[in-house]
Amino acid sequence: MFSSVDDVSARLAVTGYLASPAVATTAFLAARLGKPLLVEGPAGVGKTELAKAVAEVAGARLVRLQCYEGVDESRALYEWNHAKQLLRISAGRDESWDETRTDIFGEEFLLPRPLLTAIRGDEPTVLLIDEIDKADVEMEGLLLEVLSDFQVTVPELGTITATRRPFVVLTSNAGRELSEALRRRCLFLHIGFPEDELERRIVRLKVPDLDEALAASVVRVVGALRAMDLRKAPSVAETVDWARTLLALGAGALDETVVRDTLGVLLKHQEDVQKAAAKLDLDAL
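Just so it is clear, the structure is predicted and the values come from calculations on it, not from any experiment.

Helix and strand counts for the chain come out as 14 helices and nine strands. Expected size for 285 residues packed as a compact globule is a radius of gyration near 19 Å; at 24 Å, the chain overshoots this value by more than 25%. A principal-axis box enclosing the C-alpha atoms of the chain has dimensions of 85 × 45 × 35 Å. For the chain, buried positions account for 46% of its 285 residues. Put simply, the chain has 34 plus and 46 minus side-chain charges, and the middle of one group is 2 Å from the middle of the other.

Inspection of the entire model under this criterion finds 18 salt bridges. Of the charged contacts, one joins arginine 113 and glutamate 79 as a salt bridge, the two residues approaching to 2.1 Å between their closest N and O atoms. Of this pair, arginine 113 sits in the loop between β4 (110-112) and α7 (114-120) while glutamate 79 sits in strand β3 (residues 78-80), placing them 34 residues apart in sequence. Of the residues examined, arginine 113 reaches a relative accessible area of 26% and is grouped as partly exposed. Put simply, lysine 232 and glutamate 238 hold a salt bridge, and the shortest N to O gap is 3.6 Å.

Turning next to the sheet that holds strand β5 (residues 125-130). A sheet is described by the order of its strands in space; here five strands give the open sequence β2-β5-β8-β1-β9, paired in parallel fashion. Edge positions in the sheet fall to β2 (61-66) and β9 (187-190), since each of these pairs with one other strand and no more. Within the sheet, the average angular offset between the axes of one strand and its neighbour, ignoring direction, is 20°. Of the strand pairs in this sheet, β5 and strand β8 (residues 167-172) are connected by four bridges, and their pairing is parallel. When the sheet's bridge partners are listed, isoleucine 129 is paired in β8 with leucine 170. Set on the sheet, helix α2 (residues 21-33) makes contact with β1 (37-40), β8 and β9; between it and β9 the angle comes to about 160°.

Another aspect to go through is helix α3 (residues 47-58). One turn of the α-helix equals 3.6 residues, which is why residues spaced by three or four share an orientation. Over its twelve residues, α3 runs 17 Å from end to end, which matches the ideal 16 Å to within 8%, given 1.5 Å per residue. For α3, the full list of buried residues reads Lys47, Thr48, Leu50, Ala51, Ala53, Val54, Ala55 and Val57. One or two positions beyond α3, positive phi appears at glycine 59, with a value near 60°.

Where helix α8 (residues 137-149) bends most, the angle comes to about 35°, and this point is leucine 143. Phenylalanine 150 sits one or two residues past α8 and shows a positive phi near 50°.

On to the packing of aromatic side chains, then. Under the definition given, this model contains one aromatic pair. Measuring from centroid to centroid gives 6.3 Å for tyrosine 78 and tryptophan 80, while their planes differ by 80°, and the two rings are edge-to-face. Here tyrosine 78 and tryptophan 80 have matching classes, each one buried.

To continue, consider the packing of helix α10 (residues 196-206) against helix α11 (residues 212-226). Taken N-terminus to C-terminus, the directions of α10 and α11 make an angle of 130°; their axes are 9 Å apart at the nearest point. The orientation of α10 with respect to α11, classified from their angle, is oblique. Considering how the two elements wind past one another, α10 and α11 form a crossing that is right-handed. Here Asp196, Glu199, Arg200, Val203 and Arg204 of α10 come into contact with α11, specifically with Glu212, Ala215, Ala216, Val219, Val222 and Arg226.

All right, on to the nonpolar core then. In this structure, Leu65, Leu115, Ile129, Ile132, Met139, Leu143 and Leu170 are the most contacted members of the largest nonpolar core, which totals 33 residues. Contributions of two or more residues to this core are made by β2, β3, α7, β5, α8, β6 (151-154) and β8. Ignoring anything within four residues of it in the chain, the contact list for leucine 143 reads Leu115, Ile129, Ile132, Leu170 and Leu182. Formed by 32 residues, the second largest nonpolar core is a distinct cluster that contains Ala243, Val258, Val273 and Ala276.

All right, on to the side chain of arginine 183 then. With respect to the helices, strands and loops of the structure, arginine 183 is situated in helix α9 (residues 180-184). When sequence neighbours within four positions are dropped, the list of residues in contact with arginine 183 reads Leu38, Glu40, Glu177, Leu178 and Phe188.

A few words now on the layout of surface pockets. Approximately 770 Å³ is the volume attributed to the largest pocket. Surrounding the largest pocket, 37 residues form its lining, Tyr17, Gly44, Val45, Gly46 and Glu49 being those nearest its centre. The element best represented in the lining of the largest pocket is α3, accounting for six residues. Considering only residue class, the lining of the largest pocket consists of 17 nonpolar, ten polar and ten charged.

Definitions and limits used
Residues numbered from 1 in each chain as written. Predicted model: local features only at pLDDT ≥ 70, side-chain atom pairs only at ≥ 80, totals over all residues. Heavy atoms only, no water. Helix = DSSP H or I, 4+ residues; strand = E, 2+ residues; numbered from the N terminus. Rg over C-alpha atoms; globule rule 2.2 N^0.38 Å. Buried < 20%, exposed > 50% of the residue type's maximum accessible area, 1.4 Å probe, protein only. Lys, Arg positive; Asp, Glu negative; His and termini not counted. Charge placed at Lys NZ, Arg CZ, Asp CG, Glu CD. Salt bridge = Lys/Arg side-chain N within 4 Å of Asp/Glu carboxyl O. Pairing = 2+ DSSP bridges. Axes fitted to C-alpha atoms, helices over the stretch in contact; angles between N-to-C directions. Contact = heavy atoms within 4.5 Å. Expected span 1.5 Å × (residues − 1). Bend = angle between axes of the 7 residues up to and from the residue. Phe/Tyr/Trp six-rings, centres within 6.5 Å; stacked < 30°, edge-to-face > 60°. Parallel < 35°, antiparallel > 145°, perpendicular 65-115°, else oblique. Left-handed = near helix turned anticlockwise from the far one by under 90°. Core = buried A, V, L, I, M, F, W, Y, C linked by side-chain atoms within 4.5 Å. 1 Å grid on protein atoms, 1.4 Å probe; cavity = no way out; pocket = protein on both sides within 12 Å on 5 of 7 lines; lining within 4 Å. Points joined across faces, edges and corners; volume = space filled by probe spheres on them. Nonpolar A, V, L, I, M, F, W, Y, C, P; charged D, E, K, R; others polar.

Dropping the structure here:
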């Protein structure tokens, strides 16, 4: 998939994803070693976008499992098409149960979900298991077979093993502690808020019409907000949104009025907006 760490950086940059050296190195190792990649960090720093960018540069199909509380085997692995099975049973009334049972638990009645879809694919595939920390602990148990052996066991059909291993990315916002068994099967990457220079480059890439001096001011203000004790610090995605907001407003520079009127783009809780309005000192930045 990638020939070197520099190749990762260069090819991801073509898609608009600017990878830090740590991100590029870990993505390269995950591809070279065939290991799942667990990416942890705050929301909005580019964890999901990394999987999308890898799929794009590799010309791979992206298969996404969005995790949430209560996601189970029927949503993650597979389930049987019960309506179709009932129709088949009704149509075969003259058959013995053994004959019918063998038929209704065949491939025709199997509904593959994201994990099985990725395992069975014979084309390049990126499997994104998004926000695994939102799923129940039991969900991690379902993943262990997939992540260690790249296979899925369907009791009625047997074990289905990948003929072509997918590139697997798991993301976590660290909402809860993940099990050691899951972590042991993965390479680990933490993506935090980027350094100022990298974030400035991201803003300039995503909002190319924004003046370079204003882009630098945007990054400095966002950095100052992150240094405050806020309920939810602004993410990189929100930095980009704010840059687009300023461009749409025709703001040539940052002043107290512009910042105050647009804080809702960066901050999503009223107490954070009030704290920022009271403490943010533009003259000191």
